[in-house]
Amino acid sequence: MKLGLQLGYWMAQPPTNAGELVRAAEDSGFDAVFAAESWGSDAFTPLAWWGSSTQKVRLGTSVAQLSARTPTSAAMHALTLDHLSGGRAILGLGVSGPQVVEGWYGQPFAKPLARTREYVSIIRQVLARESHVRNDGPHYPLPLTGENASGLGKPLKPITHPLRADLPIWLGAEGPKNVALTAEIADGWLAIYYSPRLAPMYNEWLDEGFAREGARHTRETFEIAATCQIVITDDRQGEIDRMKPILALYVGGMGAAEMNFHADVYRRMGYHKEVAEIGELFRTGRKDEAAKAVPDEMVSETMIIGNDAEVRQDLKRWEDAGVTMLLLTAQNGEQIKKLAALADS
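Please read all numbers here as calculations on a predicted model, not as lab measurements.

What counts and what doesn't
- Residues numbered from 1 in each chain as written.
- Predicted model: local features only at pLDDT ≥ 70, side-chain atom pairs only at ≥ 80, totals over all residues.
- Heavy atoms only, no water.
- Core = buried A, V, L, I, M, F, W, Y, C linked by side-chain atoms within 4.5 Å.
- Buried < 20%, exposed > 50% of the residue type's maximum accessible area, 1.4 Å probe, protein only.
- Contact = heavy atoms within 4.5 Å.
- Salt bridge = Lys/Arg side-chain N within 4 Å of Asp/Glu carboxyl O.
- Helix = DSSP H or I, 4+ residues; strand = E, 2+ residues; numbered from the N terminus.
- Pairing = 2+ DSSP bridges.
- Right-handed = clockwise from strand over helix to strand, strands pointing away.
- Expected span 1.5 Å × (residues − 1).
- Phe/Tyr/Trp six-rings, centres within 6.5 Å; stacked < 30°, edge-to-face > 60°.
- 1 Å grid on protein atoms, 1.4 Å probe; cavity = no way out; pocket = protein on both sides within 12 Å on 5 of 7 lines; lining within 4 Å.
- Points joined across faces, edges and corners; volume = space filled by probe spheres on them.
- Nonpolar A, V, L, I, M, F, W, Y, C, P; charged D, E, K, R; others polar.

Chemist: Got a minute to help me understand the nonpolar core in this structure?
Modeler: Nonpolar side chains tend to gather and get buried jointly when the protein is soluble and globular. Judged by nonpolar contacts, the single largest core of 97 residues is most densely connected at Leu93, Ile123, Trp189, Tyr194, Ile230, Tyr266 and Leu326. Residues in contact with Leu326, not counting those within four places in the same chain, are Met1, Lys2, Leu3, Gly4, Ala226, Cys228, Ile230, Ile304, Leu315 and Trp318. With nine residues, the next largest nonpolar core counts Ala32, Leu190, Ala225 and Met325 among its residues.

Laid out in structure tokens, this is it:
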């Protein structure tokens, strides 16, 4: 199982030691470094900036939001980063949620599966550069036609020849239909809140996609990259308690009561009652109570926390569950080196 560094997205200010983390990840043999975006920093610029000091690690977006840029713009970003890095770019994409899509980007959230399929198809046309890019679908028509079009648009090819036509495209997906679509049209799955216990269920979703006509991969050539908080500590309970407010935020606050994809993930794990209570407490402003309502098992289900031996054992458990790359966060270079050593032992 490979390791990847997840830089995430910036909070109120840029991180002060990201360059150190990226260099430590490369020196420690990490396979990739990823950056994310929400409604602040973007995913591509940090990779170009900090990735310029690296030679080997792959540089991935985890994830670039579909509604943040048109598919041809996303393809331009990816092919540019791929050239600058010598063929190390991974284009990770995701639909985000309606609060961000409609509230921040001013775009409709409806039909995320159909939008994703069109989006990826257009990007592959750009990267292949075999013909002028066209799309007749309703979400991203190229060229634009209709009432608001000038009628002067014409199909184009990218001026810059992409370095790789097969630049890997990975999709962030949480539900069964999204995961099946990912296995069908993408090169990898960016999983969040992955539970090794539910690997058989995930495999069913993936196998549905692999079995579809035209699927790009089999299980043997497909990458599963799961984001996982890893904390090496002798105070396991203390760290579990520290994670609970973060989990309460995502389960209770990162979405609406009627549509929260992160909450749905934990419902599939069997935490229906707990998710309902956490969501009600968080949405009514009782955030401390929401955190206290998170059971220990909800944290340990999707994170790795413990001493050296416990972390080593859990790393093996995640690998046995089918994860090909573990995306982890770290506070400093020493943590990265220690995690790499544990993974190798």
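The rest of the description comes next.
Chemist: I'm lost on the pattern of salt bridges in this one. Help?
Modeler: If charged atoms from side chains of opposite charge come close, those side chains can pair. Enumeration according to the criterion identifies 20 salt bridges in this entry. Arg212 is the partner of Glu184 in a salt bridge, and the nearest nitrogen-oxygen pair spans 2.8 Å. Within this pair, whereas Glu184 is found in helix 6 (residues 176-185), its partner Arg212 is found in the loop between helix 7 (199-210) and strand 8 (223-227), the two being separated by 28 residues in sequence. Here Glu184 falls in the buried class, since its relative accessible area comes to 11%. For the salt bridge of Lys244 with Asp296, the shortest nitrogen-to-oxygen distance reads 2.7 Å. Highlighted residues: Lys244 in helix 8 (residues 236-252) and Asp296 in helix 12 (residues 296-302), separated in sequence by 52 residues. Here Lys244 falls in the buried class, since its relative accessible area comes to 11%. Accessibility expressed as a relative area gives 26% for Asp296, which makes it partly exposed. Because the salt bridges share partners, they merge into one network encompassing Lys2, Asp31, Arg58 and Glu223.

Chemist: Teacher, can you tell me more about the pairing of strand 8 here?
Modeler: Two faces, one strand: in a regular strand the side chains alternate between the faces of the sheet. Counted residue by residue, strand 8 has four buried out of five residues, so it is predominantly covered. For strand 7 (residues 188-191) and strand 8, the ladder comprises four bridges, and the chain directions are parallel. By the bridge assignment, Trp189 is partnered in strand 8 with Ile224. Since strand 7 and strand 8 lie parallel, the crossover through helix 7 that links them has a hand, and here it is right-handed. Bridge analysis of strand 8 against strand 11 (residues 325-328) gives three bridges, and the strand direction is parallel. If you follow Thr227 over to strand 11, its bridge partner there is Leu327.

Chemist: So what exactly am I meant to see when it comes to helix 5 (residues 112-128) here?
Modeler: An α-helix turns once per 3.6 residues; consequently, residues spaced three or four apart project the same way. Over its 17 residues, helix 5 extends 24 Å from the first C-alpha to the last, a length consistent with the 24 Å expected when each residue adds 1.5 Å. Within helix 5 the residues assigned to the buried category are Arg115, Thr116, Glu118, Tyr119, Val120, Ile122, Ile123, Arg124, Val126 and Leu127. A positive backbone phi angle near 50° is found at Arg129, which sits one or two residues after helix 5.

Chemist: So what exactly am I meant to see when it comes to the packing of aromatic side chains here?
Modeler: Applying the stated criterion to the full structure yields twelve aromatic pairs. When the centroid spacing of 6.1 Å and the interplanar angle of 70° are considered together, the rings of Tyr193 and Tyr250 count as edge-to-face. Placement of Tyr193 in the loop between strand 7 and helix 7 and of Tyr250 in helix 8 is noted, with a sequence separation of 57 residues between them. The class for Tyr193 is buried, based on a relative accessible area of 10%.

Chemist: I tried to follow empty space enclosed by the protein on my own but got confused; where do I start?
Modeler: With a probe scaled to a water molecule rolled over the atoms, the places where space remains empty come into view. A complete count under the given rule lists two cavities of 30 Å³ or more for this structure. Considering only enclosed or pocket space, the largest cavity measures out at about 80 Å³ in volume. Ranked by residue count, the leading element in the lining of the largest cavity is helix 7, at three residues. In terms of residue class, the lining of the largest cavity is built from eleven nonpolar, no polar and two charged. A volume near 70 Å³ is recorded for the second largest cavity. If you trace the second largest cavity, you find it lined by Leu66, Leu93, Gly94, Val95, Thr116, Leu171, Gly172, Ala173, Asn178, Leu181 and Thr182. No other element matches the three residues that helix 6 contributes to the lining of the second largest cavity. Partitioning the lining of the second largest cavity into residue classes produces six nonpolar, five polar and no charged.

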